[in-house]
Amino acid sequence: MTRTPPTTVPRVRLWRWRRNPLRRHSDVVEAWIVLATWVLAVLCGAVAGLAAAHNADSAFSARRAHVQAVHAVLTDDAARTPTSGTGYDDGRVWASVRWTDAHGVVHTDRAKIAPGAAAGSQVTVWTNSAGRIVSPPVTGAAADLQAALTGALVAPSAGAAVWVVGWGIRARLIRRRMAEWDEEWKQIGPRWGNFSGGRG
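Along each chain, residue indices are assigned from 1 in the same order as the chain's sequence is written. Local features in a predicted model are, by the rule used here, given only for residues with pLDDT of at least 70; side-chain atom pairs are given and counted only at 80 or more, and totals for whole chains, interfaces and linings are based on all residues. To get the side-chain values, take all heavy atoms of the structure and skip hydrogens and water.

Draft legend 1. Structural detail: the pattern of salt bridges. The rule for a salt bridge is simple: a side-chain nitrogen of Lys or Arg has to be within 4 Å of a carboxyl oxygen of Asp or Glu. Applying the stated rule across the entire model yields five salt bridges. Ionic pairing is found between Arg132 and Asp109, a salt bridge with its closest N-O pair at 3.8 Å. Taken together, the positions of Arg132 in the loop between β4 (122-127) and β5 (133-134) and Asp109 in strand β3 (residues 106-113) put the pair 23 residues apart, joining distant regions of the chain. One salt bridge connects Glu183 with Lys186, and the closest N-O pair in it is separated by 3.6 Å. Taken as a pair, Glu183 and Lys186 lie in helix α2 (residues 140-188) at a separation of three residues, close to a single helical turn. Secondary structure elements are taken from DSSP: a helix is a run of H or I of four residues or more, a strand is a run of E of two residues or more, and numbering for both begins at the N terminus.

Draft legend 2. Here's a closer look at the packing of aromatic side chains. Aromatic rings from Phe, Tyr and Trp, taking only the six-membered ring of Trp, are treated as a pair when their centres fall within 6.5 Å; an angle between ring planes under 30 degrees marks them as stacked, one over 60 as edge-to-face, and anything in between as tilted. For the coordinates displayed, the defined rule picks out one aromatic pair. Ring centres of Trp38 and Trp163 lie 6.3 Å apart, and the angle between their planes is 55°; on these two criteria the pair is classed as tilted. Of the two residues, Trp38 is situated in helix α1 (residues 25-66) and Trp163 in helix α2; the sequence distance between them amounts to 125 residues. Residue Trp163 is classed as partly exposed on the basis of its relative accessible area, which comes to 35%. In this scheme, a residue with accessible area under 20% of its type's maximum is buried, one over 50% is exposed, and one in between is partly exposed, where area comes from a 1.4 Å probe on protein chains only.

Draft legend 3. Main features of the side chain of Thr127. Inspection of the secondary structure assignment puts Thr127 in strand β4. Thr127 sits in the buried class, given a relative accessible area of 2%. Any two residues whose heavy atoms approach within 4.5 Å are treated as being in contact. Sequence-distant contacts of Thr127, defined by excluding residues within four places in its chain, comprise His66, Val67, Gln68, Val70, Trp99, Arg132, Ile133 and Val134.

Rendered as C-alpha cells:
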C-alpha cells in the first residue's frame with residue numbers, strides 16, 4: 001500500500017505586493033491606488049445611498065407636516081368620465097369643492113375626485129398652510145419604496161464617480177511610468193548590442 005504524500009497549500013500572495021526583483025515602487029503605488037479606489041467606491045456609494053434615502057424620507061415627513069386632510073363638499077356634480085388627452089390620467093376628474101377651515105373661513109377650490117359624484121357629496125382633500133388644495137403626501141410603503149429607490153439610484157452614481165477619479169489617477173501614474181521606461185530605454189538601448197553579444 002502506497003502512501004500519498006501530504007499536499008501543501010501554497011500561500012496566496014497578491015502579485016503586486018510580493019517580492020520580485022522586477023517590482024518597482026510605482027507597481028506598489030498602483031496596487032494601493034486600485035485597492036483604495038475599490039474600497040472607497042463601495043464605501044462612498046453605500047454612504048451616499050443611505051444619505052439620499054434618509055433625505056428623501058425626511059422630505060416626505062416634512063411635506064406631511066405641512067399639509068392636512070380636510071372634509072369638503074362638492075358644489076357641482078362631477079363629470080362622469082375623465083377628460084381624455086390630458087397626458088397623465090389617473091381616472092379622476094376635476095370638480096369644485098367647498099370647505100371650512102379651523103378658523104371658520106370658507107374656502108372654494110378645484111380638486112380631483114372620483115367621476116360621477118353628485119353635488120353635496122363629502123370628499124377628503126389635502127390643503128397647505130395657505131388654504132390651497134395640494135396633492136396628497138406620499139405615506140407608508142410608497143414613501144419607503146421611493147426613499148429606497150432614491151438611495152439605490154444615488155449609490156452606484158457616487159461609487160462610479162469615485163471609481164472614475166481613481167482610474168484617472170492610475171492612468172496618470174501609468175503614463176508617468178511609460179515615460180520613465182522610455183527615458184531608461186534611451187540610455188540602455190544603444191548599449192543593448194553589447195549586452196547580447198552583438199546579436200541584439
